[in-house]
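Now for the letters of each chain:
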Amino acid sequence: TENGQVLVGLLNKLRIPLKGTNTATDRCWFLAPQPCITSGYQFSAHACWSKRIEFIKNIFSTLPQVDKKLGDGFEGLVSLLDCLNPELKLRESLRASPNRTLLLCALFDDSLQDPGLHEMKQPSLTTTDIFQTALLRDTLSFVGNSALQLCVTEELFHRYPDAFERDLHLLRACAITDDVLVYIMIKAGFQKFLFDANAKAITEFESIMAEADTIGEMKWEGGWILGGVESFAERCQRPCYVDGQFLKEPHYYGLAGGRLYGYKKKLPASATSDLSFSMKAILGALVLSHGLNAMWQTICPLFEEVLVLSAPELRKLYKDISTICSSYQ
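About the thresholds
- Residues numbered from 1 in each chain as written.
- Predicted model: local features only at pLDDT ≥ 70, side-chain atom pairs only at ≥ 80, totals over all residues.
- Heavy atoms only, no water.
- Helix = DSSP H or I, 4+ residues; strand = E, 2+ residues; numbered from the N terminus.
- Phe/Tyr/Trp six-rings, centres within 6.5 Å; stacked < 30°, edge-to-face > 60°.
- Buried < 20%, exposed > 50% of the residue type's maximum accessible area, 1.4 Å probe, protein only.
- Lys NZ or Arg CZ within 6 Å of the ring centre and 35° of its normal.
- Expected span 1.5 Å × (residues − 1).

**Observations concerning unusual backbone geometry**
Here's step 1: The omega torsion of the bond from S97 to P98 falls at 5°, within 30 degrees of zero and hence cis.
Here's step 2: Within the secondary structure layout, P98 lies in the loop between α4 (90–95) and α5 (99–107).
Here's step 3: The phi torsion at K89 lies on the positive side, around 50°, for a residue other than glycine.
Here's step 4: Mapped onto the secondary structure, K89 falls in the loop between α3 (64–84) and α4.
Here's step 5: With a phi close to 50°, D243 is a non-glycine residue in the positive phi region.
Here's step 6: Assignment of secondary structure puts D243 in the loop between β3 (240–242) and β4 (245–247).

What follows is the structure in structure tokens.
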């Protein structure tokens, strides 16, 4: 069956006991008969989740300053997502409940220890209440990370059908490391819509990215690492999203085999950890609201450029620059 949806639905309906479960309601392979592949998660089929999201929605409503700032970021993010794939017409559906709450929670990246947050907190709101948003963000980030890995793996499998297992590992690693994910995030402008849009991590990464772009651009002869822009365009299966336009032109100068130029090893966690987590949470919110396919159809133009080099090309170009490429020989 297509995407295994019927199979998963049947497994749910059979209520097969799973290790570590105690009650009949826990015995589900997914929490709803339909996995969110072609459509969003059926929250209505699971009252506990519906109540939890409504609870978090009420939390934000008791923090007017937070709600206003998140709302502004939400509108900016929705506009960007709408630009990435106008055909899906996400704008109105994302504004509906519970989709809006999921995205607001994904954007709420502020630390619970931030004094500024506690100054905005209402007396009736406890730290435990706010902590519920962090728990939901954990779930969103987990879903987003898993979904991104699945989509990229499937994409690479179809692009490089003759690739060996080690080649697919290399291709995927070079496409979705935290360094690459945050680089793509910053290039597209997602960070501008976060609650803490002035976080130190953003400044730190932007500085590293500028340095890497300068180094990388000097190595690109003719407009791309393997020659002219025409050579790049021939490899593209879809246009890349560049500064509000869809073009078959490369612009990720600073990326070098899953790393950034000038940094052979992984970047410091202080520059990538929180931002990567937020980006994955945003992707998770899209998966749960509209399904896996819609999420990938929306963001795939951002990843096209990191998918056009084969495993042998990555090794040849970056084996002395990236620990990833030197590891998968």
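**A closer look at the packing of aromatic side chains**
Here's step 1: All told, the structure shown has ten aromatic pairs when counted by the stated rule.
Here's step 2: On the basis of an interplanar angle of 65° and a centroid distance of 4.8 Å, the ring pair of Y41 and F43 is categorised as edge-to-face.
Here's step 3: Looking at Y41, the relative accessible area reads 14%, which means it is buried.
Here's step 4: When its relative accessible area of 8% is taken as the criterion, F43 is described as buried.
Here's step 5: Plain terms: the ring middles of Y261 and Y318 are 6.3 Å apart, the flat faces sit at 70° to each other, and that makes the pair edge-to-face. One end of the pair, Y261, is in the loop between β6 (259–260) and α12 (269–290); the other, Y318, is in helix α14 (residues 311–318), and 57 residues separate them in sequence.
Here's step 6: Within the aromatic cluster, the residues linked to one another by ring pairs are Y41, F43 and W49.
Here's step 7: Over the ring of F195 we find K69; its NZ or CZ atom is 4.8 Å from the centre of that ring.

**Observations regarding helix α13 (residues 292–303)**
Here's step 1: In this model, α13 (twelve residues) spans 16 Å end to end at C-alpha, consistent with the 16 Å of a helix rising 1.5 Å per residue.
Here's step 2: The buried fraction of α13 is high, at ten of twelve residues.
Here's step 3: By the burial criterion, the buried members of α13 are L292, A294, M295, W296, T298, I299, C300, P301, L302 and F303.

Fair warning: the whole summary comes from geometry, so function is off the table for now.
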